[in-house]
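For reference, the chains in residue letters:
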Number of protein chains: 2
Amino acid sequence: MQLLKDRIVRDGKVRSGNVLKVDSFLNHQLDIELFGESGKEFKRRFASQEITKILTIEASGIGIACIAAQYFQVPVVFAKKTQTKNIAGDVYTGKVESFTHGRVYDIIVSKDFLKPEDRILLIDDFLANGAALLGLIKLVKDAGATLVGAGIVIEKGFQEGGRLVRESGVRVESLAIIDSMSEDTGIVFRE
Amino acid sequence: MQLLKDRIVRDGKVRSGNVLKVDSFLNHQLDIELFGESGKEFKRRFASQEITKILTIEASGIGIACIAAQYFQVPVVFAKKTQTKNIAGDVYTGKVESFTHGRVYDIIVSKDFLKPEDRILLIDDFLANGAALLGLIKLVKDAGATLVGAGIVIEKGFQEGGRLVRESGVRVESLAIIDSMSEDTGIVFRE
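Given the structure is predicted, the values throughout are model-derived calculations rather than measurements. (Residues numbered from 1 in each chain as written. Chains lettered and ligands numbered in written order. Predicted model: local features only at pLDDT ≥ 70, side-chain atom pairs only at ≥ 80, totals over all residues. Heavy atoms only, no water.)

A. How the structure looks around the overall build of chain A. Summing up its helical and strand segments, chain A has 5 helices and 11 strands in all. Whereas a compact globule of 191 residues would reach a radius of gyration of roughly 16 Å, chain A reaches 16 Å, a difference of no more than 12%. Taking the principal axes of its C-alpha atoms as reference, chain A extends roughly 50 × 40 × 30 Å. By residue count, 57% of the 191 residues in chain A fall in the buried class. Taking the intrachain contacts of chain A between residues at least 6 apart in sequence as the baseline, contacts between residues at least 24 apart amount to 60%. Counting only carbon and sulfur atoms, one obtains 45% of the accessible surface of chain A, whose full area is about 8,500 Å². Considering chain A, the positive charge centre built from 26 side chains and the negative charge centre built from 26 side chains are found 2 Å apart. (Helix = DSSP H or I, 4+ residues; strand = E, 2+ residues; numbered from the N terminus. Rg over C-alpha atoms; globule rule 2.2 N^0.38 Å. Buried < 20%, exposed > 50% of the residue type's maximum accessible area, 1.4 Å probe, protein only. Contact = heavy atoms within 4.5 Å. Areas by Shrake-Rupley, 256 points an atom, 1.4 Å probe, with all protein chains shown as cover. Lys, Arg positive; Asp, Glu negative; His and termini not counted. Charge placed at Lys NZ, Arg CZ, Asp CG, Glu CD.)

Here it is as structure tokens:
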């Protein structure tokens, strides 16, 4: 999506350790107009698919998932991150290793909100090593629901997440895929 | 807002310890259509006010804040919860005691996204003891920004948060105020 790529080039900041700071529009301050265009584009790409629910993960996936959900006219469910040792109640659980924070946490979704008859679209702001997305995929599988695909705002194409998830047979649509980036040479997008 | 009150009566579950479970539409599964109506109502109530930004707090405030922001045509900033001891960089910080989890955490917002010229509307899903809202109010004050008011989806009117915040001079608009609730007698709304 050209609008998004332009925005990444203009306002994104490449930092050492393969960090791309996009907190001025994507994951701390949220540009709702850009989210609207992103939501429309997800709908265009998955227009032929029946979708009953969007699943995302707190916190920074929630905003884009909610705006996108308006175009699909479906509810959003967000998986909660928890470090609680004893998880109570009827929930599906998974484990996610955080690239940013270097620790493992559990993610949970109530069994009330993921059903075998659901057709799920995953939405998240970032795809890097794929840990969060693979965690969400496990929740969908555990629920016996159908996974329609995943819509990602920014994919770091030079990390393994996109390949891992696509090779597992899941359709991934990323609005911008970064093939390389550095503080010196800038950001190169996949064509 | 009648639509919301009807929904709370229909799908809300009163639990012991003054817990109102509304996770089927407000804070785990999110009813985006209801969020749209709530956003419109916030806009109607604050229509005469100039607002430059909506501030909320992760995680469950983000969805309603993003949907509401479309009607105000402003960006959303969400305060991040952190248990990191050393908070790096240029951030405004506050402390919030969680009613639900019984612990204190820090909240932070980058100084890049709260400016003295900003006119801030706070949005959150719940107002109970007021800890989160008072934490957000401190961030706005620390930034020297103008606080226009707070839009809340559900206020527990029998807890002290609403009174504390209103007595501090902040305009609070809650779409549903619960004056009492119990498993036996159900939910009573303020007129």
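B. Spotlight on the packing of helix 3 (residues 60-72) of chain A against helix 3 (residues 61-72) of chain B. In the contact formed by helix 3 of chain A and helix 3 of chain B, the axes pass within 8 Å of each other and the chain directions differ by 50°. The angle between helix 3 of chain A and helix 3 of chain B places the two elements in the oblique class. Handedness of the helix 3 of chain A/helix 3 of chain B crossing: right-handed. Within the contact between the two elements, helix 3 of chain A uses Ile62(A), Gly63(A), Cys66(A), Ile67(A) and Gln70(A) and helix 3 of chain B uses Ile62(B), Gly63(B), Cys66(B), Ile67(B) and Gln70(B). Class assignment for the residues of the contact of helix 3 of chain A with helix 3 of chain B results in 6 nonpolar, 4 polar and no charged. (Axes fitted to C-alpha atoms, helices over the stretch in contact; angles between N-to-C directions. Parallel < 35°, antiparallel > 145°, perpendicular 65-115°, else oblique. Left-handed = near helix turned anticlockwise from the far one by under 90°. Nonpolar A, V, L, I, M, F, W, Y, C, P; charged D, E, K, R; others polar.)

C. Layout of the interface of chain B and chain A. At the junction of the two partners, chain B supplies 28 residues and chain A supplies 28 residues. For chain B, the biggest contributors to the area lost against chain A are His28(B), Gln29(B) and Phe113(B); these three give 29% of the whole. For the interface between chain B and chain A, the tally reads 0 salt bridges. Viewed at the interface, chain A and chain B are joined by 9 residue pairs in polar contact (both at pLDDT 80 or more). When contributions to the side of chain B that touches chain A are tallied by element, the ones reaching two or more residues are strand 3 (29-30), helix 3, strand 5 (76-82) and strand 7 (104-110) of chain B. Ranked by the residues each element gives to the side of chain B that touches chain A, the list is headed by helix 3 of chain B, at 6 residues. Bridge count between strand 5 (residues 76-82) of chain A and strand 3 of chain B: 2 bridges; the pairing is antiparallel. Looking at the pairing, Val76(A) lines up with Leu30(B) of strand 3 of chain B. (Buried area = accessible area lost by both parts, 1.4 Å probe. Salt bridge = Lys/Arg side-chain N within 4 Å of Asp/Glu carboxyl O. Polar contact = N/O pair within 3.5 Å; in protein donor to acceptor, adjacent residues only side chain to side chain. Pairing = 2+ DSSP bridges.)

D. Local environment of the packing of aromatic side chains. Applying the stated criterion across every chain yields a total of 0 aromatic pairs over all chains. Taking the ring centre of Phe46(A) as reference, the NZ or CZ of Arg171(A) above it sits at 4.4 Å. (Phe/Tyr/Trp six-rings, centres within 6.5 Å; stacked < 30°, edge-to-face > 60°. Lys NZ or Arg CZ within 6 Å of the ring centre and 35° of its normal.)

E. Structural context of the pattern of salt bridges. Residue and element names in this part refer to chain B. This model, assessed by the stated rule, comprises 32 salt bridges over all chains. Linking Arg7 and Asp31 is a salt bridge whose minimum nitrogen-to-oxygen distance equals 2.6 Å. Taken together, the positions of Arg7 in helix 1 (residues 2-11) and Asp31 in the loop between strand 3 and helix 2 (32-45) put the pair 24 residues apart, joining distant regions of the chain. Residue Arg7 shares its accessibility class with Asp31, and that shared class is buried. The shortest N-O distance in the salt bridge between Asp23 and Lys21 comes to 3.0 Å.

F. The confidence of the model for chain A, seen in detail. Summary statistics for chain A give a mean pLDDT of 94 and a share of 96% for residues scoring 70 or more. With a pTM of 0.96, the predicted complex shows an ipTM of 0.96. (pLDDT = per-residue confidence, 0-100.)

G. Region of interest: unusual backbone geometry. The omega torsion across Glu58(A) and Ala59(A) is -5°, close enough to zero to call that bond cis. Note that Ala59(A) resides in the loop between strand 4 (53-57) and helix 3. The phi dihedral of Gln73(A) is positive, around 55°, even though this residue is not glycine. Take Gln73(A): it is sitting in the loop between helix 3 and strand 5. Here the phi dihedral of Asn18(B) falls at roughly 60°; this positive angle occurs in a residue that is not glycine. Note on placement: Asn18(B) falls in the loop between strand 1 (13-15) and strand 2 (19-21). By relative accessible area, which is 36% here, Asn18(B) ends up partly exposed.

H. Spatial organisation of helix 2 (residues 32-45) of chain A. Residues and elements named next belong to chain A. Between its terminal C-alpha atoms helix 2 stretches 20 Å, which fits the 20 Å expected from 14 residues at 1.5 Å a residue. Buried within helix 2 we find Ile32, Leu34, Phe35, Gly36, Ser38, Gly39, Glu41 and Phe42. Between the side-chain oxygen at the start of helix 2 and the backbone nitrogen of Glu33 there is a gap of 3.0 Å, and the oxygen is on Asp31. (Expected span 1.5 Å × (residues − 1).)

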